Amino acid sequence: MQLTSDYPKNRVAVFGLGYVGAVTAACLSELGCPVTGVDRDPLKVDALLAGKSPFYEPGLDGIIRRNAAARRLSATASAQDAVERTDIALVCVGTPSERNGNLSVEQLRRVSAEIAEALRRSPKPYLVTVRSTVFPGTCEEVVAPAFEGLAVQVVCNPEFLREGAAVEDFMQPSLVVVGSADPQAAARVARLYEPLGVTPHLVSLRTAEMIKYACNAFHAVKIAFANEIGAMASKLGAPPEEVMETLCRDVKLNASAAYLKPGFAFGGSCLPKDLRALVFRASRLDLRLPLLEATLPSNGQHLGRAIQRVMDLPAGRLGVFGLSFKENTDDLRESPVIELLEHLIGKGRDVRVFDPQIRLGSIYGSNRQFVLTAIPHIGRLMAESLDELLGWAGHVVVTQRPSPEMARKILDSGVPVVELAGPLER
Ligand SMILES: NC(=O)c1ccc[n+]([C@@H]2O[C@H](COP(=O)([O-])OP(=O)(O)OC[C@H]3O[C@@H](n4cnc5c(N)ncnc54)[C@H](O)[C@@H]3O)[C@@H](O)[C@H]2O)c1
């Protein structure tokens, strides 16, 4: 850890001294920030004032003891006192589940009102940073309205720590994200982490709110995936640990950013076939694998949303870019585009298609059979070139990633684009 000479002297109030707040307060004071912890629970306030951690977390007690003794870390039950002493609030109150599973933002609403009340009594510019886990829109719709008429900026800085390794995760973070509509406000919060030597990712407010859900859902899906594959491996006599360790050796396609871009539905000759076989064999073995069983239906839902998006376009000529399930292949087996086309044609839409890799005259066997069974007159729908497609179409629906030249041509054509495979890059 390297303290720089101009490390900001922002005084920080941490609202909520639970697992996230106590660790945040203690670790920021360890980095050199004067921190005031605030909690409505007097036991937590008293613990901090006595230089003790309010709960067990490896390494936390020592950090609190050291910084309380050095008077860099103090605590209060009064929001007014905390706001008066500080320039930035980090809000770490709980966002528990309601009975129906929805997220409760009541603590957040209340703490925002308390900070606002304190600022109305003692007005000054102030920065309110939400570290609690909240849905996109919460900062704008729940937090910011409490500060109307006050010089307050709202930033989101989600927390990614794991209980049991929370201090280590704060000091060596896997990810620091700061979201705000105001770059200066974001920069002030980002600089709190400067001594850690990490580069915070500055994003929009809603991305910062969403990212925590994305991360937690991803972690949960990874664990469930490893357990389902492990269970299947055991049933089939393959050692589960060795299977998953070997899977992780592939850092190009498996443990990597590959396949993690939102885009069009998957298809092709392997993924649907192999998933179907896996799920079928598992059921024969009396093994329920709900995550894997749900994957093809999930893909079907995604395709359904794409079809609806295209169906919602005004009636007119629809040019479809891409016929095979992904770019740079002429394999048409189980291409989701074929299902999209079947649907559009079935509803009487005027459709033409261009795929840079497809010449109907030169595809054979099961590949040719697949497309002709689904759309016998596909030949009449094929455009010879991208220029021809763009010259004809009223809208162009892009189902695979075009080359940069083709992307430029599509964007420059002025034909409105429906980007099903992610944003076009010039
Ligand atoms: N626990 C984790 O591992 C973890 C990790 C990352 C993010 N999060 C998220 O961080 C948030 C906090 O989680 P936690 O586990 O620390 O919660 P927690 O319930 O342990 O602590 C919340 C604290 O906020 C205090 N509080 C509530 N209203 C207050 C108010 N008006 N003024 C002052 N204090 C108030 C409560 O008394 C409590 O001590 C949640 O949104 C959670 O989802 C938790």
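It should be noted that the structure appears before, not after, this text.
Here is what the cut-offs are and how they apply
- Residues numbered from 1 in each chain as written.
- Predicted model: local features only at pLDDT ≥ 70, side-chain atom pairs only at ≥ 80, totals over all residues.
- Heavy atoms only, no water.
- Helix = DSSP H or I, 4+ residues; strand = E, 2+ residues; numbered from the N terminus.
- Buried < 20%, exposed > 50% of the residue type's maximum accessible area, 1.4 Å probe, protein only.
- Contact = heavy atoms within 4.5 Å.
- Areas by Shrake-Rupley, 256 points an atom, 1.4 Å probe, with all protein chains shown as cover.
- Lys, Arg positive; Asp, Glu negative; His and termini not counted.
- Charge placed at Lys NZ, Arg CZ, Asp CG, Glu CD.
- Phe/Tyr/Trp six-rings, centres within 6.5 Å; stacked < 30°, edge-to-face > 60°.
- Lys NZ or Arg CZ within 6 Å of the ring centre and 35° of its normal.
- Pairing = 2+ DSSP bridges.
- Axes fitted to C-alpha atoms, helices over the stretch in contact; angles between N-to-C directions.
- Arc of directions from axis to C-beta.
- Polar contact = N/O pair within 3.5 Å; in protein donor to acceptor, adjacent residues only side chain to side chain.
- Core = buried A, V, L, I, M, F, W, Y, C linked by side-chain atoms within 4.5 Å.
- Parallel < 35°, antiparallel > 145°, perpendicular 65-115°, else oblique.
- Left-handed = near helix turned anticlockwise from the far one by under 90°.
- Nonpolar A, V, L, I, M, F, W, Y, C, P; charged D, E, K, R; others polar.
- Right-handed = clockwise from strand over helix to strand, strands pointing away.

### Topic: the overall build of the protein
1) Next: A tally of regular secondary structure across the protein gives 18 helices and twelve strands.
2) Next: Seen through its principal axes, the protein has C-alpha atoms that stretch 80 × 55 × 45 Å.
3) Next: The buried share among the 426 residues of the protein stands at 45%.
4) Next: Taking the intrachain contacts of the protein between residues at least 6 apart in sequence as the baseline, contacts between residues at least 24 apart amount to 72%.
5) Next: For the protein, the computed accessible surface area is about 21,700 Å², with 54% contributed by carbon and sulfur atoms.
6) Next: Seen as two clouds, the 47 positive and the 48 negative side-chain charges of the protein have centres 0 Å apart.

### What about the packing of aromatic side chains?
1) Next: Across all of its chains, the model carries four aromatic pairs by this definition.
2) Next: Ring centres 5.9 Å apart and planes at 40° place the aromatic pair Phe 170 and Tyr 193 in the tilted group. Pair noted here: Phe 170 is in helix α7 (residues 166-171) and Tyr 193 is in the loop between α8 (183-191) and β8 (201-203), with a separation of 23 residues, a long-range link.
3) Next: The cationic tip of Arg 352 hangs over the ring face of Trp 392; the distance from NZ or CZ to the ring centre is 5.7 Å.

### Things to note about the sheet that holds strand β9 (residues 317-321)
1) Next: Strand order in this open sheet of four strands is β10-β9-β11-β12, and the pairing throughout is parallel. Looking at which strands have only one partner, the edges of the open sheet turn out to be β10 (350-354) and β12 (417-419). Across the sheet, the axes of successive neighbouring strands diverge by a mean angle of 20°, strand direction being ignored.

### A word on α8
1) Next: Within α8, burial applies to Ala 185, Ala 186, Val 189 and Ala 190. Seen from one end, α8 has its buried residues packed into an arc of 135°, which puts them on one side. For α8, the exposed residues lying more than 90 degrees away from the buried face are Pro 183 and Gln 184.
2) Next: Contacts from the buried residues of α8 go to β5 (126-130), β6 (152-156), β7 (177-179) and β8.
3) Next: N-cap assignment for α8: the residue whose side-chain oxygen lies 2.8 Å from the backbone N of Gln 184 is Asp 182.

### Some thoughts on the nonpolar core
1) Next: In this structure, Val 12, Val 14, Leu 28, Val 35, Leu 60, Phe 170 and Leu 192 are the most contacted members of the largest nonpolar core, which totals 39 residues.
2) Next: Contributions of two or more residues to this core are made by β1 (12-15), α1 (19-31), α2 (42-49), α3 (60-69), β3 (73-76), β4 (88-91), α7 and α8.
3) Next: With seven residues, α1 is the largest single contributor of residues to this core.

### Comments concerning the environment of Ser 204
1) Next: With respect to the element layout, Ser 204 can be found in the loop between β8 and α9 (205-235).
2) Next: Along the sequence, Ser 204 and Pro 183 sit 21 residues apart, while their C-alpha atoms lie 9.6 Å from each other.
3) Next: For Ser 204, the residues in contact, after removing those within four places along its chain, are Gly 179 and Ser 180.

### Comments concerning the packing of α1 against α3
1) Next: Contact geometry of α1 with α3 gives a least axis separation of 9 Å together with a crossing angle of 55°. Looking at the two axes, α1 sits oblique to α3. Relative to α3, the crossing made by α1 is left-handed. Together, Ala 22, Val 23, Ala 26, Cys 27, Ser 29 and Glu 30 of α1 and Leu 60, Ile 63, Ile 64, Arg 66 and Asn 67 of α3 make up the contact between the two elements.
2) Next: A class-by-class count of the residues in the contact of α1 with α3 yields seven nonpolar, two polar and two charged.

### Looking at the pairing of β5
1) Next: When you tally the buried positions in β5, you get five out of five residues, the bulk of the element.
2) Next: Of the two faces of β5, both are covered, the one formed by Tyr 126, Val 128 and Val 130 as well as the one formed by Leu 127 and Thr 129.
3) Next: Where β4 meets β5, four bridges bridge the pair, whose relative direction is parallel. Counterpart to Ala 89 in the pairing with β5 is Val 128.
4) Next: This β-α-β element, β4 to helix α5 (residues 106-121) to β5, shows right-handed connectivity.
5) Next: Direction of pairing for β5 relative to β6: parallel, over a ladder of five bridges. Within the sheet, the bridge partner assigned to Val 128 lies in β6 and is Val 154.

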